[in-house]
Amino acid sequence: MTKIDKAGSVTLGDRAVKRMGYGAMQLAGPHVFGPPKDRDAALAVLRTAVAEGVNHIDTSDFYGPHVVNQLIREALSPYPDDLVIVTKVGAVRGEDGSWNAAQEPGQLHAAVEDNLRNLGLSRIEVVNFRIHPGHHGRGDHSIARSFEAMAAMQAEGLIRHLGISNATASQVAEARAIAPVVCVQNQYNLAHREDDALIDALAADGIAYVPFFPLGGFTPLQSSCLDAVAQQLGASPMQVALAWLLRRSPNILLIPGTSSVAHLRENLAAATLDLSAEAMATLDAIGSSSDRA
Ligand SMILES: NC(=O)c1ccc[n+]([C@@H]2O[C@H](COP(=O)([O-])OP(=O)(O)OC[C@H]3O[C@@H](n4cnc5c(N)ncnc54)[C@H](OP(=O)(O)O)[C@@H]3O)[C@@H](O)[C@H]2O)c1
């Protein structure tokens, strides 16, 4: 359950994490496949994140594959006591870099074993079951068989807490009927607001919401309204986009991704950016005009 203390930490499962975390996907090579162009730079991003106080890192063994988890282990192991590493299972990469569904119980078990081995852990704090997106994005098919397999691995002691990713509200409800869900990781940002109602419902139930593509992902956010607010505040548009998410709902935990130490520092500084009610209203209108028009 999510508890928020006065210093802005949130309890994810039963560990306190800061609301500003780090998403490691960008550390792999182009198209999240193969090794990074600059290995030392990738290690430096991870070490800088932790040195600057990040204690929540999002990853997967299918980033690379294996590469990102191995970088995390090399950069950060032995891990600081307060570091919470969250991973996800549900896909495998083809030799051509393709993303293929791996949602069967045996495949999920193999994926958890891969994460444990490559991260050098005996148990993973949180594992998200990532529902493989269909050709038309999210669907509402039953995820019971897969999520029961996740719950079995939790009972076995391989996983401490479960999350779910790429899920509709009814799939979240189906998962919660099988086992407790501590976080939901879906696409959400200033311009992509499909999950507005789900975020509010999860907040009421004390479940963390972790938006992926908080900066727009592979096509970073671009908006003249965002640029105008950023200019008024003397901040960058990316910082304002992150600050908006932090203000949007107290159960939101951020995992912006970057392969650059400079961008990492810029993103972390967004945690202290204050947005006025007027700035929030201007920013809210971006989502209203793109998604809901
Ligand atoms: N569950 C899922 O299905 C799923 C899907 C996608 C991602 N994720 C997770 O969510 C995390 C976040 O998503 P993401 O990394 O794909 O997208 P993102 O955080 O929205 O954006 C990352 C992109 O923005 C750029 N960027 C970051 N900070 C910047 C800054 N201050 N100024 C300018 N550009 C900046 C990065 O380039 P540089 O490297 O040049 O900074 C990169 O191209 C991932 O790392 C991953 O852990 C989960």
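This report concerns the structure included in the present document. Only a predicted model underlies this, so the values are computations on that prediction, with no experimental measurement involved.

**A few points about the packing of aromatic side chains**
So, point 1. Tallying each qualifying case throughout the model produces 6 aromatic pairs.
So, point 2. Each ring, one from F212 and one from F213, has its centre 5.0 Å from the other, and the planes form 80°; the classification is edge-to-face.
So, point 3. Classification of F212 by relative accessible area gives buried; the value is 19%.
So, point 4. One aromatic cluster is present, built from ring pairs that chain together F62, Y63 and W99.
So, point 5. Positioned over the ring face of W99 is R93, at 3.7 Å from the centre of the ring.

**Some remarks on the site of the ligand**
So, point 1. Taken together, the neighbourhood of the ligand is formed by 26 residues, with D58, L215, T258, S259 and H263 sitting nearest.
So, point 2. Taken by itself the ligand offers 900 Å² of open surface, and the protein chains cover 88% of this.
So, point 3. Across the shell around the ligand, the residue classes tally to 10 nonpolar, 12 polar and 4 charged.

**Thoughts on helix α4 (residues 144-156)**
So, point 1. Between its first and last C-alpha atoms α4 spans 18 Å; for 13 residues at 1.5 Å apiece the expected length is 18 Å, and the two agree.
So, point 2. For α4, the elements touching its buried residues are β5 (84-89), α3 (105-119), β8 (124-130), β9 (159-165), α5 (169-178) and β10 (181-185).

What counts and what doesn't
- Throughout, residues of each chain are indexed from 1 in the direction in which the sequence is written.
- Thresholds applied to this predicted model are a pLDDT of at least 70 for local features of residues and 80 or more for the giving and counting of side-chain atom pairs; totals over whole chains, interfaces and linings are not thresholded and use all residues.
- To get the side-chain values, all heavy atoms of the structure are used, and hydrogens and water are removed first.
- For Phe, Tyr and Trp, rings pair up if their centres lie within 6.5 Å, where Trp contributes its six-membered ring, and each pair is then called stacked (planes under 30 degrees apart), edge-to-face (over 60) or tilted (otherwise).
- Partly exposed describes any residue whose relative accessible area lies between the buried limit of under 20% and the exposed limit of over 50%, with all areas from a 1.4 Å probe on protein chains only and scaled to the type maximum.
- Distance and angle both matter: a charge sits over a ring if NZ of Lys or CZ of Arg is within 6 Å of the ring centre and within 35 degrees of the ring normal.
- For each residue, the test is whether any non-hydrogen atom lies within 4 Å of the molecule or strand; if one does, the residue is near.
- For the accessible areas, the method is Shrake-Rupley and the probe is 1.4 Å, while residue cover comes only from the protein chains on display.
- Under the scheme applied here, ten amino acids are nonpolar (Ala, Val, Leu, Ile, Met, Phe, Trp, Tyr, Cys and Pro), four are charged (Asp, Glu, Lys and Arg), and all others, including Gly, are polar.
- Helix and strand definitions here come from DSSP, where helices need a minimum of 4 consecutive H or I residues and strands a minimum of 2 consecutive E residues; each element is numbered from the N-terminal end.
- What a helix should span is 1.5 Å times the count of its residues minus one.
- Contacts are assigned to residue pairs that have any heavy atoms within 4.5 Å of one another.

Note that all results are geometric; they support no functional claim without further evidence.
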